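Descriptive analysis of the structure
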Amino acid sequence: MAKVVAVTGNEAVAVALRQVNPDVCAAYPITPQSDMMQRFSGFISDGRVKTELILVESEHSAMSSCVGASAAGGRVITATSSQGLALMWEILYIASGTRLPIVMPVVNRALSAPLNIHGDHSDAMGARDTGWIQLWSENAQEAYDNAIQAFRIAEHMDIRLPIMVCMDGFIISHSIERIEYLEDEEVKNFVGEFRQLNPLLDIEHPVSYGPLILTDYYMEYRKAQDEVESKVAKVVLEVAQDFEKLSGRKYDLFETYRLDDAEIGLVILNSAAGTSKDVVDEFRSRGIKAGLLKPRLYRPFPYKETGEALKHLKALCVLDRADAFGGSFGPVYLDIATSLYPYKEKPALINKIYGLGGRDYMPEHAEFVLDELVDIAQTGTVKSYKEYIGVRE
Amino acid sequence: MKLKGWKEVNPGAVITEAGNAVEIKTGSWRSSKPIWKEENCIQCLFCWIYCPDMSVKVKDGKREEFDYDYCKGCGICAVECPGKKGNKAIIMVEEGN
Ligand code: SF4
Ligand code: SF4
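Chains are numbered independently. Their residues run from 1 in the order of the written sequence. Whichever chain is written first becomes A and whichever ligand is written first becomes 1, with later ones labelled in order. Only residues with pLDDT of 70 or above have their local features reported here, since the model is predicted, and side-chain atom pairs are shown and tallied only from 80 upward, although totals for entire chains, interfaces and linings are computed over all residues. As a convention, hydrogens and water are excluded, and side-chain values are obtained from all of the structure's heavy atoms.

One heavy atom within 4 Å of a molecule or strand makes the whole residue count as near it. Within the structure, ligand 1 sits among Pro 34, Cys 51, Pro 52, Ser 55, Phe 66, Cys 71, Lys 72, Gly 73, Cys 74, Gly 75 and Cys 77 of chain B. Polar here means any residue other than Ala, Val, Leu, Ile, Met, Phe, Trp, Tyr, Cys and Pro, which are nonpolar, and Asp, Glu, Lys and Arg, which are charged; Gly is therefore polar. Tallied by class, residues from the shell around ligand 1 come to seven nonpolar, three polar and one charged.

The subject of this paragraph is the domain arrangement of chain A. All names here are of chain A. Source of the domain bounds: an automatic or database domain assignment. Annotation of chain A at the domain level lists domain 1 (3-247) and domain 2 (254-388). Each of domain 1 and domain 2 was reduced to a C-alpha centroid, and the two centroids are 28 Å apart. Summed over both sides, the interface between domain 1 and domain 2 buries roughly 2100 Å², with carbon and sulfur atoms accounting for 52% of that surface. The term buried area means the drop in 1.4 Å probe accessible area that two parts suffer when joined, counted for both and summed. Contact with domain 2 buries area across many residues of domain 1, yet Arg 128, Trp 136 and Glu 138 alone supply 30% of it, more than any other trio.

Turning next to the site of ligand 2. Looking at ligand 2, there are 13 residues lining it, with Cys 41, Cys 44, Leu 45, Cys 47 and Cys 81 of chain B nearest. Taken together, the residues of the shell around ligand 2 sort by class into 11 nonpolar, one polar and one charged.

Residue and element names in this part refer to chain A. Two strands form a pair only when DSSP identifies at least two bridges running between them. What counts as a helix is a DSSP run of H or I of at least four residues, what counts as a strand is a run of E of at least two, and both are numbered from the N terminus. Sheet architecture is open: six strands sit in the order E9-E11-E10-E13-E14-E15, paired in mixed fashion. One side of each edge strand has no neighbouring strand; the edge strands of this open sheet are strand E9 (254-257) and strand E15 (386-388). Taken pair by pair, the neighbouring strands of this sheet meet at an average axis angle of 20°, ignoring direction. When strand E13 (residues 315-320) meets strand E14 (residues 348-353), the two strands line up parallel, connected through six bridges. Bridging across to E14, Asp 320 finds its partner in Ile 353. Throughout, a residue-residue contact means that at least one pair of heavy atoms, one from each residue, lies within 4.5 Å. For helices, the fitted line uses only the C-alpha atoms of the stretch in contact; every axis is such a line through C-alpha atoms, and the angle between N-to-C directions lies from 0 to 180 degrees. Along the sheet, helix H10 (residues 272-285) makes contact with E9, strand E10 (264-268) and strand E11 (290-295), crossing E11 at roughly 165°.

As structure tokens, then:
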């Protein structure tokens, strides 16, 4: 029987981690993740989990400890935000290249400078090409559900890749919402026993991790990793089906909202998708065929499926809560543009940068964007391909 | 040795056969070569301990001639060798001389 509670996103994910009861956690506190790991370390102190907590002096050490513990043969977690994720950088690649299924909630926060602690996707977007799987979550329920599914996806024997579970800092991590918890036993059975692959601590079968791979083999390892990435979407869907049987909650590679017969559409990640869906409803009630797509599996990005879902639109706006500096477009825009490129008939595609550093994303922002899309769909002319919204002149 | 294709490599480049460094002969890297002068050798086996590869051969507790297939010419053994009365039992000479 599901238990209905009113909790913050951080608490919900901490509870998911408690229910999984991992072997090792190495974490360093950073706003807005701190309160999640504080709650989890409380579960350790109270003896509610058997997890060994490694208190480290930095996120670089946190991720390094996770790599060691995972290679040793444990089920391993950590969590971070913003600068903490940036400091893990070097080791993120080592975790994925070594195929270690570490699970890491990322409570999305802006990057310095200027220093800012609020919700923004710059942190995880910067890590989008590190070889980690990324699941993104609109609200506390999705963050909880994704955190549980993440173990099954990362630890699948065809995959064995580390995974990030992203949710918006403060907006979700610190706001109280109604969510449904699964029973501890249900989660335990769902994730199952951790299966090791080449554990360092198996002294009967000695192995070496981290060898030097030179010009004669490096490309073969990279190609093998690329191939694994191509298998992730299938596993994500299988795990989602099992999870639906257990929870009644349905997940896909992405969520589509009133999209099938839509003429104009929005693509938007995480919490702002909720606000946008309300505004889509409002446009629908006025007879305007608006729809929305919210990515869930963002890495590896399901280009084919996303392109198929969006190609029929006349005009489409990708809203990015991060910019990709370099005179370019926001990161999600670049992926959506790539997913639509193969089609001869495709929507006019624009990009808005919103909500940086926790700037509120309000219904009027979605209205502004949808009005512009109505105009583009009618006239066929795009005035500006990329624009910051909600910013003072 | 036939090189493996990408479908055959181990996940995460983990080495699962213990001691497979024996397959990799590092001798071809060498630009200088250690020469053992047995008359100055006190059999302390420092060279055996310090050698990063497996080129110092030991039999019945006594060192034998170098196995140059695995000697990359790093010179560590020559530096560590105490020798006898200040006379080194290992000296490095340039290859090709
Ligand atoms: S030169 Fe280096 S590799 Fe060669 S025997 Fe001496 S220590 Fe070993
Ligand atoms: S270190 Fe020098 S003295 Fe000692 S065993 Fe080796 S060659 Fe002989």
